[in-house]
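Examination of the molecular architecture
Below, each chain spelled out in residue letters.
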Amino acid sequence: MQDIDLETKKLTHSPAGQFEETRFEKIHNVIFNGANEASIMVASEIAALIRKKAKDNEQCVLGLATGSSPLEVYEELIRMHKEDGLSFANVTTFNLDEYYPMEKQNIQSYHYFMHENLFDHIDIHPKNIHIPDGTVTDDNLYAYCLDYEMQIEAAGGLDFQLLGIGRTGHIGFNEPGSHFNSGTRSITLDHVTRVDASSAFLGIDNVPTKAITMGIGTVSTAKRIVLLAWGANKAEILKQSLKMRKNFL
Ligand code: F6R
């Protein structure tokens, strides 16, 4: 089966082998010529889902990531909103993570990133945007995380989850050692993750040591998950992730 249909901009899914031994890949993966081609494809899938849900009078619940990987997907969604009339009026979003502690107006915050790179350019209702709040007090953090999970559930669950992957193999900020069943919670960032963020924060000492992240359990409840990984520096961790994944899907 073709994986990529450039004409209809559809990503298809080749069924994995029936048995563990006969599977070439533990997780299905598609290789593109470049990030731009792939991002347009992914944005088209998201747009089609939003439109289908709108037609059925339903809310479309998206799980979103920050970082460099999804940038061109967001650019394409903004273009579709401005040029093709794609409306986000029926869209609810839940972001994966936020540094902790972190003020919303800080230019390093994921709150700032999402508004700058997507939300400020589309017609999403502000009340439908959910990003973990890096200003919650320590005492309220546990309850806040449980509530974030409940809000996802109350929204009907994640229809589509967009992911990147960090050099430690983290999705969201689920650093190595995170449990498959983990929910939204606070986490201590891996040193490698903090090193990778250090140039943006102008030095590792300025990078928070903690974050709030959706769990792997949260992410895996999504009806569809697309993980984006571009360039040679993601090749090794991607290879490891695809090989290590066992008995999960
Ligand atoms: C960001 C997130 C992280 C990033 C990952 C890759 O919300 O959840 O897991 O997706 O660190 O970051 P980039 O895309 O900058 O390489």
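Quick look at the structure, then. Per-chain numbering applies: the sequence of each chain, read as written, is numbered from 1 onward. In keeping with the predicted nature of the model, local features appear solely for residues at pLDDT of at least 70, side-chain atom pairs appear and are counted solely at 80 or more, and the whole-chain, interface and lining totals rest on all residues.

**With respect to the overall build of the protein**
The line we're drawing: Per the convention used, a helix needs a DSSP run of H or I reaching at least four residues, while a strand needs a run of E reaching at least two, with both numbered from the N terminus. The globule rule used for comparison is 2.2 Å times the number of residues to the exponent 0.38, while the radius of gyration itself is calculated over C-alpha atoms. Comment: burial labels come from other C-beta atoms within 10 Å of the residue's own C-beta, placed from the backbone, where a count of 20 or more is buried, 12 or fewer is exposed, and between is partly exposed.
Regarding its fold elements, the protein presents seven helices and 10 strands. At 18 Å, the protein has a C-alpha radius of gyration in line with the 18 Å of a compact globule built from 249 residues. Its C-alpha atoms give the protein principal-axis dimensions of about 50 × 45 × 35 Å. Within the protein, buried positions represent 31% of all 249 residues.

**Here we look at the site of the ligand**
Rules: A residue counts as near a molecule or strand when its C-beta atom, positioned from the backbone, falls within 6 Å of it. All amino acids are sorted into three groups, where Ala, Val, Leu, Ile, Met, Phe, Trp, Tyr, Cys and Pro are nonpolar, Asp, Glu, Lys and Arg are charged, and the leftover types, Gly among them, are polar.
Close to the ligand lie 13 residues, the nearest being Thr-66, Gly-67, Ser-69, Gly-164 and Gly-166. Tallied by class, the residues present in the shell around the ligand amount to four nonpolar, eight polar and one charged.

**Concerning the environment of Asn-90**
To keep it simple, the criterion reads: By the criterion used throughout, residues are in contact when their C-beta atoms, derived from the backbone, lie within 7 Å.
As for its position among the elements, Asn-90 is in the loop between α2 (71-84) and β4 (91-95). Taking C-alpha positions, Asn-90 is 34 Å from Arg-167, a pair spaced 77 residues apart along the chain. In contact with Asn-90, not counting residues within four places along its chain, are Ile-50, Lys-53, Ala-54, Glu-58, Gln-59 and Cys-60.

**Description of helix α3 (residues 110-117)**
Selection criterion: Along the arc lie the directions from the helix axis toward the C-beta atoms.
Three or more residues of α3 are buried, namely Tyr-110, His-111, Phe-113 and Met-114. One side of α3 holds all its buried residues, which, seen down the axis, span an arc of 165°. Residues of α3 that are buried make contact with β3 (60-64), β4 and β5 (97-100).

**A word on the sheet that holds β5**
Short version of the rule: Two strands pair if DSSP finds at least two bridges between them. In this analysis, axes come from line fits to C-alpha atoms, helices being fitted only over the stretch in contact, and the angle between any two N-to-C directions falls in the range 0 to 180 degrees.
The strand order across the open sheet built from three strands is β5-β9-β8, with neighbouring strands paired in antiparallel fashion. Every other strand in the sheet has two partners, leaving β5 and β8 (185-188) as the edge strands with one partner each. If you compare each strand with its neighbour and ignore which way they point, the axes differ by 30° on average. Pairing between β5 and strand β9 (residues 210-213): four bridges, direction antiparallel. Directly across from Tyr-99, in β9, lies its bridge partner Ala-211.

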